[in-house]
Amino acid sequence: MATLTINYSGGMSETIQNAFDVIDHGDGEISYFIGSGFAR
């Protein structure tokens, strides 16, 4: 499992623990899987 850190343009950041897979779609859009859930 990986740790995903997202840095937003406003200077804030978010850390996602236990990301199973991360997909970079380009244009600033990503998808990531955690457990059996999916977020985009």
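Counting restarts for each chain, with residues numbered from 1 along the sequence as it is written. Given that the model is predicted, a residue must reach a pLDDT of at least 70 before its local features are reported, and side-chain atom pairs must reach 80 or more before they are shown or counted; all residues, however, enter totals for whole chains, interfaces and linings. Just so you know, side-chain values use all the structure's heavy atoms and leave hydrogens and water out.

Student: Quick rundown of the pairing of strand 4 (residues 29–34)? Include the residues and the values.
Tutor: Strand pairing is assigned whenever DSSP detects at least two bridges linking the two strands. Secondary structure is summarised from DSSP: a helix means a run of H or I of at least four residues, a strand means a run of E of at least two, and numbering begins at the N terminus for each. Sheet topology places strand 3 (residues 21–26) next to strand 4; five bridges connect them, and they run antiparallel. Paired with Asp-21 across the strands is Phe-33, a residue of strand 4.

Student: Which residues make up unusual backbone geometry, and what values go with them?
Tutor: Positive phi values are uncommon outside glycine, yet Asn-18 reaches one of about 60°. Secondary-structure assignment places Asn-18 in strand 2 (residues 13–19). For Asn-18, a relative accessible area of 48% gives the class partly exposed. Positioned with a positive phi, Asp-27 is a non-glycine residue whose angle comes to about 55°. Exposed residues in this analysis have more than 50% of their type's maximum accessible area, buried residues have under 20%, and partly exposed residues fall in between, with area computed by a 1.4 Å probe over protein chains only.

Student: Which residues make up the pairing of strand 2, and what values do they have?
Tutor: Regular strands have side chains that alternate between both faces of the sheet. One ladder, built from five bridges, connects strand 1 (residues 2–7) with strand 2; its direction is antiparallel. Bridge pairing in strand 2 links Thr-5 to Thr-15. Following strand 1, the chain reverses through five residues before pairing antiparallel with strand 2; Gly-11 in that reversal takes a positive phi of roughly 95°.

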